[in-house]
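Descriptive structure summary
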Amino acid sequence: MPPAGGGEPERPSGRGRKGGNLRRNAVWAFVGAVLASAAWSGAVALVPRIVDGGSSAQSLHGYHAVDKLCEAGKLTAFNQKYRMVDNYPLQHTGRSDSMDIMRCYALVKRAVSGSDVADYATLDIRAELHRTVDSAPEFAATRSYFEQQKYEITDVPNLGQEAYFAYGDEPTSSDKTFHDINHYLQVRDGGMTYSLFWTDNYQVGKNTTLDRETVRRAMLDDTRDILKAIGGP
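First, a word on scope: everything that follows refers to the structure included in this document. The structure presented is a predicted model; accordingly, all values stated were derived computationally and were not measured.

1. Description of the packing of aromatic side chains
Per the counting criterion, the structure on display carries 9 aromatic pairs. For Arg212, the ring lying beneath its charged end belongs to Tyr167, and the centroid distance is 3.7 Å. Here Arg216 stacks its cationic end above the ring of Phe165, 4.7 Å away from the centre of that ring.

Take a look at the structure:
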């Protein structure tokens, strides 16, 4: 869902496309947040048998809530490639006896060589500390959701108890030359679950975005820094 809080600043236009396409990046900024929030909802709807209530909570392994997730983690890797759009990132933390939720949402841009139009992307980062339920069944359900949606799944070793990338690159329904790119990094470590969602777009033959491996390295580097900042190993 769109970030909570006050009114959104005016969003920049797309990469020089005319008419309705000028607002595509602003739309994607909202869509990215909706998809990130909807992944678990879709998982529950598609694979209800995986989610079984009443399981025991796992240790939080020293993780704790911080007030500003992205400031704590610094986002060094992404900040070397992009700069934040004004008034971003948006950061919120909610605490309760059963679960703490930390959220950071950012609209970022970078200069494109040979063009006077910037490339815009979105980051949506969320960490949850589950105190009263086992996070493993929900984590498995989310992975199953991505598999059913035909995302490419790649396991990530040496990150939490389990971690994986989910990747999709697909044309939009209205114009097959426009592609949406979605990267998810999902991590579980005891009762801590974490996701980093990065999304961008491109038009075939007209512009490009950061290559897939560059994005993955940035996601991994910044994720490791964020997890350390909230008490991880």
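2. Observations regarding the environment of Ala163
Take Ala163: it is sitting in strand 6 (residues 162-171). Ala163 sits 32 residues away from Ser195 along the chain, and the two C-alpha atoms are 9.6 Å apart. Setting aside its immediate chain neighbours within four residues, Ala163 contacts Asp155, Val156, Gln186 and Val187.

3. Considerations on the pattern of salt bridges
Under the defined criterion, the tally for this structure stands at 10 salt bridges. In this structure, Arg95 engages Asp67 in a salt bridge whose closest nitrogen and oxygen atoms are separated by 3.0 Å. Placement of Arg95 in the loop between strand 2 (90-94) and strand 3 (99-110) and of Asp67 in the loop between helix 1 (24-46) and helix 2 (69-73) is noted, with a sequence separation of 28 residues between them. Note on Asp67: relative accessible area 51%, which makes it exposed. A salt bridge links Lys68 to Glu71; the shortest N-O distance between them is 3.9 Å. Given the relative accessible area of 43%, Lys68 is considered partly exposed. Through salt bridges with shared partners, one network takes in Arg143, Glu147 and Asp155.

4. Things to note about the state of the cysteines
By definition, a disulfide links the sulfur atoms of two cysteine residues through a covalent bond. Taken as a whole and judged by the stated rule, the model has 1 disulfide. Disulfide pairing is shown between Cys70 and Cys104; the S-S distance is 1.9 Å. Note on the Cys70 and Cys104 pair: the S-S dihedral is about -110 degrees, so by sign convention the disulfide is left-handed. One end of the pair, Cys70, is in helix 2; the other, Cys104, is in strand 3, and 34 residues separate them in sequence. Each of the two residues, Cys70 as well as Cys104, counts as buried.

What counts, and where the lines are drawn
- Residues numbered from 1 in each chain as written.
- Predicted model: local features only at pLDDT ≥ 70, side-chain atom pairs only at ≥ 80, totals over all residues.
- Heavy atoms only, no water.
- Phe/Tyr/Trp six-rings, centres within 6.5 Å; stacked < 30°, edge-to-face > 60°.
- Lys NZ or Arg CZ within 6 Å of the ring centre and 35° of its normal.
- Helix = DSSP H or I, 4+ residues; strand = E, 2+ residues; numbered from the N terminus.
- Contact = heavy atoms within 4.5 Å.
- Salt bridge = Lys/Arg side-chain N within 4 Å of Asp/Glu carboxyl O.
- Buried < 20%, exposed > 50% of the residue type's maximum accessible area, 1.4 Å probe, protein only.
- Disulfide = S-S within 2.5 Å.

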